[in-house]
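Summary of structural features
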Amino acid sequence: EDQVTQSPEALRLQEGESSSLNCSYTVSGLRGLFWYRQDPGKGPEFLFTLYSAGEEKEKERLKATLTKKESFLHITAPKPEDSATYLCAVQFSGGYNKLIFGAGTRLAVHP
Amino acid sequence: DVKVTQSSRYLVKRTGEKVFLECVQDMDHENMFWYRQDPGLGLRLIYFSYDVKMKEKGDIPEGYSVSREKKERFSLILESASTNQTSMYLCASSYRLAGGFYEQYFGPGTRLTVT
């Protein structure tokens, strides 16, 4: 069964304390992996697309990496404004335009 | 910037009412999607459309229908609202080019409560 699992479910960090969020997937024929940020009561905001193992993308304090089985979202020296839920989604061969979403990681960064 | 707008941020309806949720995108995207998001269940695809007047069922289409008469507009219809359809509804859009897989851009969401 095609599945996307994110861990941890929740993460509490102190400002400046770097960490990583994990997204592991079991799909046949990954075509793309997407990271989104979602603030409470709002729609997900697109962050990154990764297409192949070894690929990396960066944006400000965030860096996304991809292997054949998982992706990591590294957060370097986070600030309180980085607090949000981070969602991972995958698109796979035969899935047409459908995405499978993980349940998300709720990140809280405290000053 | 891509902009996806939804007709209402908050909506309260009574059981049995017919409910219309509208979504408009301004990026000339071919694909449009409707999801619902519930605590503990994540985002689940209700319906998607890859062209005007075309639609495909997602994972949870029961109790819903959709309409796409114009490229920029995609409507979700709850034929007879029920309390278990209380949820956050999210619309998204993306390009659809041959051989390509593109990110979806989401609207702000509609929080629907059915009483």
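As shown above, the structure is provided for reference.
Residues numbered from 1 in each chain as written. Chains lettered and ligands numbered in written order. Predicted model: local features only at pLDDT ≥ 70, side-chain atom pairs only at ≥ 80, totals over all residues. Heavy atoms only, no water.

**Considerations on the overall build of chain B**
A tally of regular secondary structure across chain B gives zero helices and eleven strands. Start at the N end of chain B and walk to the C end: the helices and strands fall as β-β-β-β-β-β-β-β-β-β-β. On C-alpha atoms alone, chain B measures out to a radius of gyration of 13 Å, which is about the 13 Å that the 2.2 N^0.38 rule sets for 115 residues. On the principal axes, the C-alpha backbone points of chain B span a range of 45 × 25 × 25 Å. Sorting the 115 residues of chain B into buried and exposed places 49% on the buried side. In chain B, the proportion of contacts linking residues at least 24 apart, taken out of those at least 6 apart, comes to 57%. Only carbon and sulfur atoms are counted for the fraction: they give 49% of the accessible area of chain B, which is about 5,700 Å². (Helix = DSSP H or I, 4+ residues; strand = E, 2+ residues; numbered from the N terminus. Rg over C-alpha atoms; globule rule 2.2 N^0.38 Å. Buried < 20%, exposed > 50% of the residue type's maximum accessible area, 1.4 Å probe, protein only. Contact = heavy atoms within 4.5 Å. Areas by Shrake-Rupley, 256 points an atom, 1.4 Å probe, with all protein chains shown as cover.)

**Concerning the pattern of salt bridges**
Side-chain pairs of opposite charge can arise whenever the charged atoms involved come near each other. All names here are of chain B. Applying the stated criterion across every chain yields a total of ten salt bridges over all chains. Glutamate 22 is the salt-bridge partner of arginine 73, the closest N and O atoms lying 3.2 Å from each other. Remark: glutamate 22 occurs in strand 3 (residues 19–25) and arginine 73 occurs in strand 8 (residues 73–78); sequence separation between them is 51 residues. Residues arginine 44 and aspartate 38 are paired through a salt bridge, measuring 2.9 Å at the closest nitrogen-oxygen approach. Classification of aspartate 38 as buried rests on a relative accessible area of 11%. (Salt bridge = Lys/Arg side-chain N within 4 Å of Asp/Glu carboxyl O.)

**Observations concerning the side chain of serine 49 of chain B**
Residue and element names in this part refer to chain B. With respect to the helices and strands, serine 49 occurs in strand 5 (residues 42–51). At 2.9 Å, the side chain of serine 49 forms a polar contact with the backbone oxygen of aspartate 51. A distance of 2.6 Å separates a polar atom in the side chain of serine 49 from the backbone oxygen of methionine 54. Residue contacts for serine 49: discarding those within four places in its chain leaves Glu30, Asn31, Met32, Met54, Lys55, Arg68 and Phe74. (Polar contact = N/O pair within 3.5 Å; in protein donor to acceptor, adjacent residues only side chain to side chain.)

**Notes on the state of the cysteines**
Under the counting rule described, the total for this entry stands at two disulfides over all chains. Cysteine 23 of chain A shares a disulfide with cysteine 88 of chain A; S-S distance 1.9 Å. Of note, the bridge from cysteine 23 of chain A to cysteine 88 of chain A carries an S-S torsion of about -55° and is left-handed in sense. You can see cysteine 23 of chain A sitting in strand 3 (residues 19–26) and its partner cysteine 88 of chain A sitting in strand 9 (residues 84–92), a full 65 residues away along the chain. Exposure class is identical for cysteine 23 of chain A and cysteine 88 of chain A. Each is buried. Here cysteine 23 of chain B engages in a disulfide with cysteine 91 of chain B; their sulfurs sit 1.9 Å apart. Across the S-S bond of cysteine 23 of chain B and cysteine 91 of chain B the torsion is about -75°, and the bridge reads as left-handed. (Disulfide = S-S within 2.5 Å.)

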